[in-house]
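Architecture at a glance
Letter by letter, the chains look like this.
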4 protein chains.
Amino acid sequence: MSASKRQPRRRGRPQGDEVKVAILKAANELLEEQGYSGFTIEAVAARAGAARSTIYRWWPNRGALAMAGFLSETAPKIAYKWTKSPISDIKKQMMVVAEVYSGKVGRTISALVAQSQRDPETLKALLEGYVQPRREEAKRVLMRGIECGELRKNIDLDIVVDSLYGPIWYRIVVPHAPISARWAGKLADQVFRGLRPE
Amino acid sequence: MSASKRQPRRRGRPQGDEVKVAILKAANELLEEQGYSGFTIEAVAARAGAARSTIYRWWPNRGALAMAGFLSETAPKIAYKWTKSPISDIKKQMMVVAEVYSGKVGRTISALVAQSQRDPETLKALLEGYVQPRREEAKRVLMRGIECGELRKNIDLDIVVDSLYGPIWYRIVVPHAPISARWAGKLADQVFRGLRPE
Amino acid sequence: MSASKRQPRRRGRPQGDEVKVAILKAANELLEEQGYSGFTIEAVAARAGAARSTIYRWWPNRGALAMAGFLSETAPKIAYKWTKSPISDIKKQMMVVAEVYSGKVGRTISALVAQSQRDPETLKALLEGYVQPRREEAKRVLMRGIECGELRKNIDLDIVVDSLYGPIWYRIVVPHAPISARWAGKLADQVFRGLRPE
Amino acid sequence: MSASKRQPRRRGRPQGDEVKVAILKAANELLEEQGYSGFTIEAVAARAGAARSTIYRWWPNRGALAMAGFLSETAPKIAYKWTKSPISDIKKQMMVVAEVYSGKVGRTISALVAQSQRDPETLKALLEGYVQPRREEAKRVLMRGIECGELRKNIDLDIVVDSLYGPIWYRIVVPHAPISARWAGKLADQVFRGLRPE
DNA sequence: GTCTAAACGAGACGGTACGTCCGGTCTTACA
DNA sequence: TGTAAGACCGGACGTACCGTCTCGTTTAGAC
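Residues numbered from 1 in each chain as written. Chains lettered and ligands numbered in written order. Predicted model: local features only at pLDDT ≥ 70, side-chain atom pairs only at ≥ 80, totals over all residues. Heavy atoms only, no water.

1. Considering the overall build of chain A
A count of helices and strands for chain A gives nine helices and zero strands. Start at the N end of chain A and walk to the C end: the helices and strands fall as α-α-α-α-α-α-α-α-α. Expressed along its principal axes, the backbone C-alpha trace of chain A runs to roughly 65 × 55 × 25 Å. Going through the 198 residues of chain A one by one, you find that 49% of them count as buried. Intrachain contacts of chain A at a sequence separation of at least 6 include 65% that bridge at least 24 residues. (Helix = DSSP H or I, 4+ residues; strand = E, 2+ residues; numbered from the N terminus. Buried < 20%, exposed > 50% of the residue type's maximum accessible area, 1.4 Å probe, protein only. Contact = heavy atoms within 4.5 Å.)

Right, dumping it as structure tokens:
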């Protein structure tokens, strides 16, 4: 029968997306507004109008919830859009990123980093769900830069990525000075100056 | 002249250095062993053989205690010793620092960073008590490098420091890959390549 | 008619009577055994096998818990049962009360009185929950005594009640001499001798 | 040496009564003003301008201090002065006592009673230092009353004293209604009515 | 249309750590 | 030696959340 191949479709009430969305939204807002303190399961539940138990049904602990909130709402906003010459692209993207990170998103990220220190699961999610994919993306662009001759051949891509993004994360979590697009641009210039073909 | 050194010596029972030292030592050990979770006032008190109230007499909250423990014990271990050519000095020091940070100290630092996200006082202490002084020190060495011609004149010292140490902090708090002296050396090489006089 | 008794049954998990009962029982035992010192929220929680937070969910502080324990367990044991001639009834009841108060219940009461000195809420609860109701009951019996001619008409009921029960409370909280049924009997005799119709 | 025959005159600084007096005064004021809560060793020390350790030198714990404060300052103020016919004397004295107890002294006494519940030493001091002497005094007056024919011969003095003073203490520690001289007078009248010779 | 199992809200519960308060002891400097 | 100052241990307080659990209610799909 043709219908036999349909997905089994379990019995009871289906999951009702609105609740989940409301929870993630609330989680995000709290992270943005108050950072990691204030990001309480109780506070999220209250703001979302959901029950604490519902949150625990879908996420194992508050680290996971924080990550999910970030990935679902914030991360998409800062997606890369690669277009022109690799070096110029990266520089422009870094300036955009710096701009975005200097605001609420920075608070969210530092909250996630903080939570990662105590919860290995959160760390894993942060690395695999956010950091690694973006590093890979950056490396691909850098390879294009090598191919088209903008960059030296014998560079260590990981170190370059560390050089480009490390300082940004550094200033997010150790805010000894504000982050600005201008600063990010000068940072990119300096890094790339050391990567020009001889 | 002899009377000039007379310290006033306050009235009551003097502070009994052993207790304070034991507390800081215990605080450090717990930070190193277990990171920020497990770093509990109660645990510190128990390990130090002190009363919780004694801890609260001297430090207002656990963030402050964590910072104090770090500054008193760990920080001295990774003091700089500048000697020879600035570039070479910095590279060698970065490799040492990377080595040290890759172990227990890294865990302590990431714990402090985490705590800084929720407690502004801890952040302030971290910046003023550790980050800023070390940045200043690094900048002084870089200036020596400019003076002796190893480095370009028109460099932004803050950005250079960010480039050198940002990636290290980044890898401490976002451990996507291990920290090693070799990695730090290559990082230094790459940064300095962009700073050579034309 | 049958639907009229429909209790609304609130939403969440119902209250689980066993816990509350266990807590009150433990509270009572501790009050009886050790008086007010030793009556610690922690001790009650430990003996009841409950969490401290559960106790605080239902009672705002330890005074309230002490009162609740007393009212739930001890108070019922010393309820009055009025039967025959009012004077004789009261005398017999006083002897019973003296007997009961001379034991563990006395310790509980003096503990409550002690707590009342520092916590106005406990005082309020003691007065409204125990003292006043029993005074009213006694006054009702005395009025019956007036009606049936056993007692003078022009007596001040409050003063009579003070005369009858005041000495008993006095000996509970200021134990200059033991309380006994015999003593209570003689006390009643003496008071009533002054209340006979001329 | 001729100086050897001088009075022994112990070595160091003599004891300086002022401190002790100031401490007792402060203790009393705190008891009167705030009852038993608020009566803190620290508070007493602060108000007296003395050191906590000085208090502990002279009194073993706060119960003892409270008792000492009461006995030294408050108790003398409410001493009896027997003059005329025993019955009339007692009635008048009860009215005075009621008047005094209804104010600050009442608060002090109930604080002492409260403390007696947890500290046997305080109880002992209260009984032996205040309650028993005054009971003995009252009994002596009552015996005079018997001798001069105002009172029956076959009365139990202890019960009479309980009847007279028990209600007053009762209303102090269980303030279900205010204490007044008028109330005390009526109370005395009623008790003595039952003690008239046949 | 009814049945039914999952989703969901509500909230009780055992725990753990917090930061505070205070008691009582002990150690020092000064008079 | 008495006193002031104050460090120290210890224990209970009441608070805030955590994560688990047990209910009653709702609801979309299966029958």
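2. Notes on the interface of chain D and chain C
Of the residues lining the interface, 38 residues belong to chain D; the matching set on chain C comes to 38 residues. Taken together, both faces of the contact between chain D and chain C bury some 3,600 Å²; the carbon and sulfur share is 58%. The largest share of the area that chain D buries against chain C comes from Arg118, Tyr170 and Gln190 of chain D, three residues that together contribute 18% of it. Here chain D is connected to chain C by four salt bridges. If you look at where chain D meets chain C, you find 18 residue pairs in polar contact (both at pLDDT 80 or more). (Buried area = accessible area lost by both parts, 1.4 Å probe. Salt bridge = Lys/Arg side-chain N within 4 Å of Asp/Glu carboxyl O. Polar contact = N/O pair within 3.5 Å; in protein donor to acceptor, adjacent residues only side chain to side chain.)

3. Observations concerning the relation of the copies chain A and chain B
Overlaying chain A on chain B yields an RMSD of 0.1 Å, the required transformation being a rotation through 180° with an accompanying axial translation of 0.1 Å. Given the turn and translation reported, the copies of this chain are related as if by a two-fold rotation axis. Comparing interface residues between copies, 100% of those in chain A also lie at the interface in chain B; the contact surface is shared. (Least-squares fit on C-alpha atoms with pLDDT ≥ 70 in both.)

4. Side note on the environment of Pro133 of chain C
Residue and element names in this part refer to chain C. For Pro133, the position within the fold is in helix α7 (residues 120-147). By relative accessible area, Pro133 is classed as partly exposed at 36%. With 97 residues separating them along the chain, Pro133 and Tyr36 place their C-alpha atoms 24 Å apart. Contacts of Pro133, omitting those with residues within four sequence positions, involve Leu127 and Glu128.

5. Observations regarding the packing of helix α5 (residues 86-101) of chain C against helix α9 (residues 181-193) of chain C
Residues and elements named next belong to chain C. Axis separation between α5 and α9 bottoms out at 8 Å; the angle between their running directions is 150°. Read as a crossing pair, α5 and α9 show a hand that is right-handed. Contacts between α5 and α9 involve Ile87, Ile90, Lys91, Met94, Met95, Ala98 and Glu99 on the former and, on the latter, Ala181, Ala184, Gly185, Leu187, Ala188, Asp189 and Phe192. Split into classes, the residues belonging to the contact of α5 with α9 amount to 10 nonpolar, one polar and three charged. (Axes fitted to C-alpha atoms, helices over the stretch in contact; angles between N-to-C directions. Left-handed = near helix turned anticlockwise from the far one by under 90°. Nonpolar A, V, L, I, M, F, W, Y, C, P; charged D, E, K, R; others polar.)

6. Overview of the pattern of salt bridges
According to the stated counting rule, one finds 46 salt bridges over all chains in the structure shown. Residue Asp158 of chain B is joined to Lys139 of chain B by a salt bridge in which the shortest nitrogen-to-oxygen separation is 3.2 Å. Of this pair, Asp158 of chain B sits in helix α8 (residues 157-173) while Lys139 of chain B sits in helix α7 (residues 120-147), and the two are 19 residues apart along the sequence. A salt bridge links Glu136 of chain D to Lys139 of chain D; its shortest N-O distance comes to 3.5 Å. With Glu136 of chain D and Lys139 of chain D both in helix α7 (residues 120-147) and three residues apart, the pair spans about one turn of that helix.

7. Some details on the arrangement of the chains
The least C-alpha distance between chain A and chain C, which are not in contact, is 11 Å. Separated in space, chain B and chain D share no contact, their closest pair of C-alpha atoms being 11 Å apart.

8. Focus on the packing of α8 of chain B against helix α9 (residues 181-193) of chain B
Residue and element names in this part refer to chain B. Packing of α8 against α9 leaves a shortest axis separation of 9 Å and a crossing angle of 150°. Judged by the inter-axis angle, α8 sits roughly antiparallel to α9. Crossing geometry of α8 relative to α9 is assigned as right-handed. Between α8 and α9, the contacting residues are Ser163, Leu164, Pro167, Ile168 and Arg171 on the first element and Trp183, Leu187, Ala188, Val191 and Phe192 on the second. When grouped by side-chain class, the residues that make up the contact of α8 with α9 number eight nonpolar, one polar and one charged. (Parallel < 35°, antiparallel > 145°, perpendicular 65-115°, else oblique.)

9. Quick notes on the domain arrangement of chain A
Residues and elements named next belong to chain A. Under the domain assignment used here, chain A contains domain 1 (14-63) and domain 2 (73-193). Contact residues are listed per partner, giving 11 residues for domain 1 and 10 residues for domain 2. Inspection of the domain 1/domain 2 interface yields two residue pairs in polar contact (both at pLDDT 80 or more). Those elements that place two or more of their residues in the side of domain 1 that touches domain 2 are α1 (17-34) and α4 (62-77). The residue inventory of the side of domain 1 that touches domain 2, partitioned by class, reads two nonpolar, five polar and four charged. (Domains from an automatic or database assignment.)

10. With respect to the interface of chain A and chain B
Chain A puts 38 residues into the contact, and the matching count from chain B is 38 residues. Surface buried jointly by chain A and chain B totals about 3,600 Å² across both partners, of which 58% is contributed by carbon and sulfur atoms. Per-residue buried area on chain A facing chain B is highest for Arg118, Tyr170 and Gln190 of chain A; these three make up 18% of the total on that side. There are four salt bridges connecting chain A and chain B. Between Asp162 of chain B and Arg171 of chain A there is a salt bridge whose closest N-O contact spans 2.6 Å. Here chain A is connected to chain B by 18 residue pairs in polar contact (both at pLDDT 80 or more). Contributions of two or more residues to the side of chain A that touches chain B are made by α6 (104-118), α7 (120-147), α8 (157-173) and α9 (181-193) of chain A. For the side of chain A that touches chain B, the leading source of residues is α8 of chain A, giving 11 residues. Counted by class, the side of chain A that touches chain B contains 18 nonpolar, nine polar and 11 charged residues.

11. Focus on helix α5 (residues 86-101) of chain A
All names here are of chain A. Between its terminal C-alpha atoms α5 stretches 22 Å, which fits the 22 Å expected from 16 residues at 1.5 Å a residue. Along α5, the residues that are buried comprise Pro86, Asp89, Ile90, Gln93, Met94, Val97, Ala98 and Tyr101. The arc that holds the buried residues of α5, viewed along the axis, is 165°, so those residues lie on one side. Looking at the buried positions of α5, the neighbouring elements they touch are α6, α7, α8 and α9. (Expected span 1.5 Å × (residues − 1). Arc of directions from axis to C-beta.)

12. Comments concerning the packing of aromatic side chains
Tallying each qualifying case throughout the model produces 20 aromatic pairs over all chains. Geometrically, the ring pair formed by Tyr101 of chain A and Trp169 of chain A is edge-to-face, given 6.5 Å between the ring centres and 85° between the ring planes. In this pair, Tyr101 of chain A is assigned in helix α5 and Trp169 of chain A in helix α8, connecting sequence segments 68 residues apart. Judged by its relative accessible area of 5%, Tyr101 of chain A is buried. With a centroid separation of 5.8 Å and 40° between ring planes, the pair formed by Trp169 of chain A and Tyr170 of chain B is classed as tilted. With Trp169 of chain A in helix α8 and Tyr170 of chain B in helix α8, the pair connects residues from two separate chains. (Phe/Tyr/Trp six-rings, centres within 6.5 Å; stacked < 30°, edge-to-face > 60°.)

13. Some remarks on the nonpolar core
If you look at the biggest cluster of nonpolar residues, it comprises 124 residues, and the most contacted ones within it are Leu65 of chain A together with Leu65 of chain B. What Leu65 of chain B contacts, discounting residues up to four positions off in sequence, is Ile23, Leu24, Ala27, Phe39, Ile41, Val44, Ile55 and Trp59 of chain B. The next biggest cluster of nonpolar side chains, apart from the first, holds 120 residues, and it includes Ala75 and Leu151 of chain C together with Val131 and Val173 of chain D. (Core = buried A, V, L, I, M, F, W, Y, C linked by side-chain atoms within 4.5 Å.)

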